[in-house]
Amino acid sequence: MERVQYQQEQMLPELKDLVDKNLFTQKEIRQIVKQRTAFETTLIRRVAKKADFIRYISYEMDLEKLRKLRVKRMDLPKGPATVSDYSFVRRQFHIFERALKRFKSDVALWVQYIQVAKREGARTLVGRVTARALQLHPNNPTFYILAASHELDNLSPSAARALLQRGIRVNPDSVDMWKEYVKMELGFMESLRRRWDVLGIKLESGSTGKGKQKATEEDPSRFLMDERSEEVAATYESLDIDIPMEGDTDDGAEARRRILEGAIVISVIESAAQALPKIELFEALKTVISDYPCPAGIQDALLDTMYDVLAKTLPRDPKGMEMRAYRYLKSPITAVGFVEELQSANEELLRIVGEGSEEALLEVYAAFAERWCKKVEDDHLKAYLISSLQGLVQKNARSPSLLAGHIKALMAASGEAPAKVLKTAARYTSQVPQSSRVWLARLAAEKAVGTGTGARDAWGEARKLARGSEEEMVRVWMWGIEEQRRTGMHEASGADLGKRKDAICAQLEELLRESMQVSLHGVHEVLLENYVTVLEEANNEPEAGRTSDQGRGWSSWKETVGHMGRQCLTSGPFWERVFERVAKMEAKDAGGKEGVLRAIYEEWRKKDGVGAVVGWAGWLLGEGRGREATEIVTAASASSAEPHFLFKAPPSFFPSPSCPPVHPSSSSSSSRPASSASSPRLLVVLEALRISVRAALSPVTHFQTPSASPARPVSTAAPPASQLSACSLRPD
């Protein structure tokens, strides 16, 4: 407590000054001292927590805000600064320093400290703290970026450039470092251009046309310059003076011209591509250059250079191919030049694909053609894209991406006959019968322009022949069910609704049997989930003359649970999700709901004994039946594969040496779960349940008051968990 007392003594001058200025009353000062004492007490404990420091700092920030508001409201006269003017901010820094002594490896804490110091205008402190953070975390790009930003704020681009270059040498694989380096060089180039514009420094007349006049006309930032800057520029221009610079020669003029054309930025882009040839780098650079406020001519030139570097570095990358093509699409669809832009993008994609057969590149082109066939309204443009896509299909007749894209593009074209679309889709599925993507495209065509019988037949063939990723297979198998639920469930009501739900359940049961035969476990589990969903919806719809949870509802649930356990391929996670869904359902018939949950619990135990016990005991505890929950967990622990399971608990579970661990009775276990491998989770849950049961029981007196002593009121509060042990919580 000596340290707390010392901190209290350090507060005296600032608190006295606050009272003298009438910013805080004596009562508020006492409250501040009390609160600070509480914070200081939490900071001196052996195991300090970061949250305690953060709360303390937040409290000091609130005090500083309050002080500033009161100073503004009272309109105090300006005078020499006193100790209370900076005491709250100084204390924030002091707490940060104390926190960083204990949590040196916490990057977020360092960043918070730097941000707070920067917000308070402590420039020197920001530099010192950033330097310390870099010494401790030399491989963290965040601190290099913060340090460079600090140097730029202090008008030192050379120091910022040196810091970023050092950070890139240490972290060559950091996209953020290269992105910030390019942004810094863009800012340097733009600041020079604006400064030379104001001073009237003109480029050579034989330059590339991106000189002062064009840059100024295209520069959106020219509206940000004040009238004084415009007057200075006009004065230099009227005198036709080219201000010489120290050592200014033809080489100097050429250097200035190249800087304004982005030579430094281009050099950084090329170095970045050589050091980090990844598409994520080019995506970040494109965002930086596109969003930076600079003249359109320079921006377009830099983007063109970046795309050229991308073409040399990653010539066959799918995302790079998409970036290089979409750069041509700048105008809206209704613009006059959009047709030429779309043609240029299409030709760029075809040129990149060439004679290659990489599926990733073909997928990009198919997505491009499909997207713009849906977006454009001109039939000639649609025909142009479809013909280009068809030409690629002839070269790559077994590409699922191209075949599926061609089917979807034909569907988007209004001039195509439905029979032709369906015939093309059937031909493509016969060419690649195992492609789930092509089957999904054909099913979409059958739904859009086909008949119901043809769609059902195609769906049956797709389930037998299609193969692909689990997500695509789930979409294939669930296609018919989703159609039935979407078209039939919303249109029916009453008895018709019940019949439709029964039909869907029958269809799902058939699909479950089929999925077991072809060993699609992921699809099988999704079908089971939908089966449970339909059953839940049916249970919520009451039949005539009964409520939603009477009679057939919970009994059908229980029968279905047993049927799924016997006939389907279930897993522990599946039963866990079903248990959670049923537990959240509202029911007037509590007994029926509990019977269903118990049936789910029995099936769950066969797949995951520990998880089932935890879930079932947790539900019992939530229903206020803690004693039963404790017995369940104790019985499961006793029936574990290892006879001395409970004796392997950490010593902290049995705080008192005089309280031996509980020996569960072997008779309390009526059955052994199939999966009863020992797990510390059971013991943890057992201890937590026992503590909860003890706290929920009626007040019990743990000792008898001597008759000679005066009667004392018995406390009705539950004892704290730290005073409870396993022996005091033994079930009766």
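How each quantity is defined
- Residues numbered from 1 in each chain as written.
- Predicted model: local features only at pLDDT ≥ 70, side-chain atom pairs only at ≥ 80, totals over all residues.
- Heavy atoms only, no water.
- Helix = DSSP H or I, 4+ residues; strand = E, 2+ residues; numbered from the N terminus.
- Buried < 20%, exposed > 50% of the residue type's maximum accessible area, 1.4 Å probe, protein only.
- Areas by Shrake-Rupley, 256 points an atom, 1.4 Å probe, with all protein chains shown as cover.
- Axes fitted to C-alpha atoms, helices over the stretch in contact; angles between N-to-C directions.
- Parallel < 35°, antiparallel > 145°, perpendicular 65-115°, else oblique.
- Left-handed = near helix turned anticlockwise from the far one by under 90°.
- Contact = heavy atoms within 4.5 Å.
- Nonpolar A, V, L, I, M, F, W, Y, C, P; charged D, E, K, R; others polar.
- Phe/Tyr/Trp six-rings, centres within 6.5 Å; stacked < 30°, edge-to-face > 60°.
- Lys NZ or Arg CZ within 6 Å of the ring centre and 35° of its normal.
- pLDDT = per-residue confidence, 0-100.
- Expected span 1.5 Å × (residues − 1).
- Polar contact = N/O pair within 3.5 Å; in protein donor to acceptor, adjacent residues only side chain to side chain.

Moving on: the overall build of the chain. Summing up its helical and strand segments, the chain has 32 helices and 0 strands in all. Burial analysis of the chain (732 residues in total) assigns 42% to the buried set. About 39,400 Å² of surface is accessible on the chain, with carbon and sulfur atoms providing 53% of the total.

Between helix α20 (residues 400-412) and helix α22 (residues 436-449), the shortest axis-to-axis distance is 8 Å and the interhelical angle comes to 15°. Between α20 and α22, the angle falls in the class roughly parallel. For the pair α20 and α22, the sense of crossing is left-handed. Along the contact surface, α20 presents Pro 400, Ser 401, Leu 403, Ala 404, Ile 407, Lys 408 and Met 411, while α22 presents Arg 437, Val 438, Ala 441, Arg 442, Ala 444, Ala 445 and Ala 448. Tallied by class, the residues present in the contact of α20 with α22 amount to 10 nonpolar, 1 polar and 3 charged.

Under the defined criterion, the tally for this structure stands at 16 aromatic pairs. Taken together, the aromatic side chains of Phe 579, Tyr 601, Trp 604, Trp 616 and Trp 619 make up a single cluster linked through ring pairs. The cationic tip of Arg 256 hangs over the ring face of Trp 196; the distance from NZ or CZ to the ring centre is 5.8 Å.

The pLDDT averaged across the chain works out to 78; a share of 76% of its residues lies at or above 70. Taking the mean pLDDT of every element in the chain, the minimum, 37, falls on helix α11 (residues 227-239) and the maximum, 95, on helix α14 (residues 279-291). Per-residue pLDDT stays below 50 along residues 543-552; that stretch engages in 14 contacts with residues further than four places along the chain or on separate chains. Contacts for the low-pLDDT stretch residues 693-732, under 50 throughout, to residues beyond four places or in other chains number 36 contacts.

On to helix α3 (residues 50-74), then. Its 25 residues give α3 an end-to-end C-alpha distance of 37 Å, which sits within 8% of 36 Å, the value for a rise of 1.5 Å per residue. Looking only at α3, the buried set comprises Asp 52, Phe 53, Tyr 56, Ile 57, Tyr 59, Glu 60, Leu 63, Glu 64, Arg 67 and Arg 70. Its buried side turned inward, α3 meets α1 (2-20), α2 (26-43) and α4 (87-102).

With that out of the way, let us pick up the side chain of Asp 52. On the secondary structure map, Asp 52 appears in helix α3. The exposure class of Asp 52 is buried, given its relative accessible area of 4%. Reaching out from Asp 52, the side chain makes a polar contact with the side chain of Arg 55 at a distance of 2.5 Å. Sequence-distant contacts of Asp 52, that is, excluding residues within four places in its chain, are made with Thr 42, Leu 43 and Arg 45.

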